[in-house]
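These are the residues of each chain, in order.
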Amino acid sequence: MTIADKQLQCREIITKAVCGKGRKFTTVTHTVTPPHKPTSILGAWIINHQYEAVRSGDGIEVIGTYDINIWYSYNNNSQTDVAKESVQFVENVPLSYVDPKHRASTEEVAAEVLQEPNCIEANISSNGSSVVVRVEREFAVEMIAETKVCVAVVPGGCSDMDDKDMAFTLGEEDGDYEDLDSDLLDDEL
């Protein structure tokens, strides 16, 4: 059955949909100053990660905190201690896609951690009194909002379509593309 056979109609409906997406990987450096001058680094880890997402300009800001713990030795490797420092961060994640027809007043944002904050390197600084920590983290964000979509409406409803095949065609024949000028095609698709 073709579209013309049923005199298909189109309607715009309003629905909630993902209207924007983004993703960002970041490596940041923090400096932690322990109470004692470190001799060597025995371990470094990140704990207590918390975050929330808020809409901001052309993107979504991920606002959060985590604690950096550095296990180190001091006094010529004769004693050990753990230095702790809380870090606050704001990560602006740009949206790589935004539906231009979404209703801004209905926006909801969400963030998901793809890579928990993780210490990838910890070294004693050149002055010898602090520890330089490199941390990596990655977030994916979504903006959900109401938007308009166009749907096909079949007169008579779905029950009229039971056990029937539908063939959707755009022109007289599906193979009518020989006359297209290939120079006009968009190469970025």
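Look above for the structure.
Residues numbered from 1 in each chain as written. Predicted model: local features only at pLDDT ≥ 70, side-chain atom pairs only at ≥ 80, totals over all residues. Heavy atoms only, no water.

Participant: Sorry if this is basic, but what is going on with the nonpolar core here?
Facilitator: The nonpolar side chains of soluble globular proteins are, as a tendency, buried together. Among the nonpolar cores identified, the biggest contains 27 residues, and Val62, Tyr66, Ile68, Ile70, Val133 and Val141 are the most heavily contacted of them. Breaking this core down by element, the ones donating at least two residues are β1 (9-32), β3 (59-74), β4 (79-94), β6 (108-124) and β7 (131-153). With residues near it in sequence (within four places) discarded, valine 133 still touches Val28, Thr29, His30, Val32, Ile68, Ile70, Cys119, Glu121 and Ala122. (Core = buried A, V, L, I, M, F, W, Y, C linked by side-chain atoms within 4.5 Å. Buried < 20%, exposed > 50% of the residue type's maximum accessible area, 1.4 Å probe, protein only. Helix = DSSP H or I, 4+ residues; strand = E, 2+ residues; numbered from the N terminus. Contact = heavy atoms within 4.5 Å.)

Participant: So what exactly am I meant to see when it comes to the sheet that holds β3 here?
Facilitator: In a beta sheet, neighbouring strands pair by backbone hydrogen bonds and run either parallel or antiparallel. Reading across from one edge, β2-β3-β4 is the order of the three strands in this open sheet, with antiparallel pairing throughout. The open sheet has two free edges, formed respectively by β2 (38-56) and β4, since each of these has just one partner strand. Neighbour-to-neighbour, the strand axes of this sheet turn through a mean angle of 15°, independent of strand direction. Bridge count for β3 against β4 is 16 bridges, and the pairing is antiparallel. Bridging across to β4, aspartate 67 finds its partner in serine 86. (Pairing = 2+ DSSP bridges. Axes fitted to C-alpha atoms, helices over the stretch in contact; angles between N-to-C directions.)

Participant: Could you clarify how one ought to interpret the sheet that holds β1 in this entry?
Facilitator: One open sheet holds the four strands; their spatial order is β5-β1-β7-β6, and the pairing between them is antiparallel. Two strands bound the open sheet, and with one partner strand each, they are β5 (97-98) and β6. Bridge analysis of β1 against β7 gives 23 bridges, and the strand direction is antiparallel. Looking across to β7, one finds that glycine 22 is bridged to valine 141.

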